[in-house]
Amino acid sequence: MVLDTQQNKNERPEPLSGKHKNSFAYLTIRDRLPDILTKIIDRFVKLASKELSVGNNEEAEDSKAVISKLSKLKNEMQTDKPLVTLDDNWYDVRVWNEFLSKVSENMASNDTIALPPSWFSVPWLYCECYLYRRVFEILQLSNFHMSFDPFFEQKSNAFHSSSEAIQNLASNLAAMTTDNSGSHNGDNESPPEDILRTRFEILLEYCLWGNKCDLSISAGRQVDNQLRESSQLKDLSKNILSNHTESIWELLCHIKSSDSFKSENGVVRFDFVLDNSGFELYTDLCLAEYLIRANYCQLVYFHVKSIPWFVSDVTKDDFHWTLEQCASSDNAFLSQLGHTWKKRVDDGNFVVIENTFWTSPYDYAAMRTVNHELYRFLAGSQLVIFKGDLNYRKLIGDRNWSHCTPFSEALHGFCPAALCSLRTLKADLVVGLEKGQSEALDKQQKNWMVCGDFAVVQFCHSL
Ligand code: F6P
Ligand code: MG
């Protein structure tokens, strides 16, 4: 069953799906997603008892109703019930319900026995996104918890538990940018290109390995995989299986030395399609800060999720909360960074932007057709940085590609601007490897595709 909005429907391999019992998709739907739902239920149990204890009886009743709907949802998933249409009034309801009816039509026309789309039978990408959207529907239909983020506590704990790594990086960044490297006011001479490049590579790798820290792979449990010292990056670099950093660097140098990249108001713009809150977001901000200070760009758009998503993904509130936490830190370097970032937001050099497409069931090859506006918007960027595993899955359509397929081919026509993906592997798909590489990895570490110890930095300039 392939849901493809492109012309050549059969060009791509099959999407990953929980219907294959030996797949990571199957295990995710069977074990990890119910675990995540249980954590949300626990969160509401705690909330209901807190609401009761302060006499907010109506709120507590509402929380209990949420708990019962979440339990029902968990049961639907575990017993592989048919997927149902959404019933709230949020902006994207039509998109989701149309998607479901297209999937139904597709299944009816492709399968010999036409069964309704169910949790394990549909593409994994759709199933997993649908789960988070159903959780949001339950909140939307509640009386008091419409804007409650059930993952906020976990995200906040994750940020605070990384404080050592965060403070170390704050002082590293200060050291990298307070000599003559692209200083704030630009009145000092810039350091040699090799130094600028080394610093860029360090920050890019922080940003890459920051993606190890998502909370959905561990069903919300804190895992200590902090990057406390930049020296750790050296050991990790051998685990970057496909590394296009040099091409990204060449683009940056070209941008800096050429006026043709600047928009009418003389501004170079980069975009981050963000992934997780906590340490990862912080590393994204540090890379963006470096790129501005070293004068590679003047404007950064940060694309965030508009609903609670995959446990740890950044929402607008998380973004601003993170800036506040940094600004109010006792650590002088961190607090200075927080204030600088708040000012960048006020001045419009950092822009936080939402679009419901990021939390839709579509992969990115469909963007040009189903959200042309967003595609056109990204085309105005000089570099779009996609963070993390889920973005990677959406970039390559969450399909069972041969591992040696070129990254640019797997994008299947999606390249609104020069783009790169910084992703640690947490799902059993990857492209852009050399011949024989995955066979060697199979021997080295059985679970290399899903353990988060390996990564890719992949780049596509244009198709
Ligand atoms: O649960 C599936 C999954 O997409 C994994 O592949 C990954 O662990 C997680 O969710 C999201 O990871 P990331 O935060 O890097 O997108
Ligand atoms: Mg995530």
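The coordinates are above.
It should be emphasised that the depicted structure is a prediction, and the values quoted were computed from it without experimental measurement.

(A) Region of interest: the coordination of the magnesium ion (ligand 2). Each protein donor to the magnesium ion (ligand 2) is listed here as Asp275 (OD), Asn276 (OD1) and Asp313 (OD); together their distances run 2.1 to 2.2 Å. Sequence spacing of the donors to the magnesium ion (ligand 2): D-N-x36-D. Here the residue Asp275 occupies a position in the loop between strand 2 (269–273) and helix 10 (279–293), and Asp313 occupies one in the loop between strand 3 (299–304) and helix 11 (316–327), the gap between them amounting to 38 residues. Assessed through its relative accessible area of 5%, Asp275 is described here as buried.

(B) A look at the side chain of Ser421. Locating Ser421 in the fold gives a position in strand 6 (residues 419–424). When neighbours within four sequence positions are excluded, Ser421 is seen to be in contact with Phe386, Tyr392, Leu395, Phe407, Val456, Val457 and Gln458.

(C) Looking closely at the packing of aromatic side chains. Applying the stated criterion across every chain, the model contains 34 aromatic pairs. Considering the side-chain rings of Phe357 and Tyr364, the 6.1 Å spacing of their centres and the 40° angle between planes classify their relative orientation as tilted. Relative accessible area serves as the criterion here: at 4%, Phe357 is assigned to the buried category. Look at Tyr364 and you get buried, because its relative accessible area is 1%. When the centroid spacing of 6.2 Å and the interplanar angle of 10° are considered together, the rings of Tyr392 and Phe407 count as stacked. Of this pair, Tyr392 sits in helix 15 (residues 388–395) while Phe407 sits in helix 16 (residues 407–410), and the two are 15 residues apart along the sequence. Overall, Phe407 belongs to the buried group, its relative accessible area being 3%. Taken together, the ring pairs connect Trp96, Phe99, Trp119, Tyr126, Tyr130 and Tyr362 into an aromatic cluster. The residue whose ring lies beneath Arg269 is Phe377, and the NZ or CZ to ring-centre distance is 4.2 Å. The ring of Trp124 has Arg393 sitting right over it, with the charged end atom 3.4 Å from the ring centre.

Conventions and cut-offs
- Residues numbered from 1 in each chain as written.
- Chains lettered and ligands numbered in written order.
- Predicted model: local features only at pLDDT ≥ 70, side-chain atom pairs only at ≥ 80, totals over all residues.
- Heavy atoms only, no water.
- Donors = N, O, S within 2.8 Å, 3.2 Å for Na, K, Ca; no water.
- Helix = DSSP H or I, 4+ residues; strand = E, 2+ residues; numbered from the N terminus.
- Buried < 20%, exposed > 50% of the residue type's maximum accessible area, 1.4 Å probe, protein only.
- Contact = heavy atoms within 4.5 Å.
- Phe/Tyr/Trp six-rings, centres within 6.5 Å; stacked < 30°, edge-to-face > 60°.
- Lys NZ or Arg CZ within 6 Å of the ring centre and 35° of its normal.

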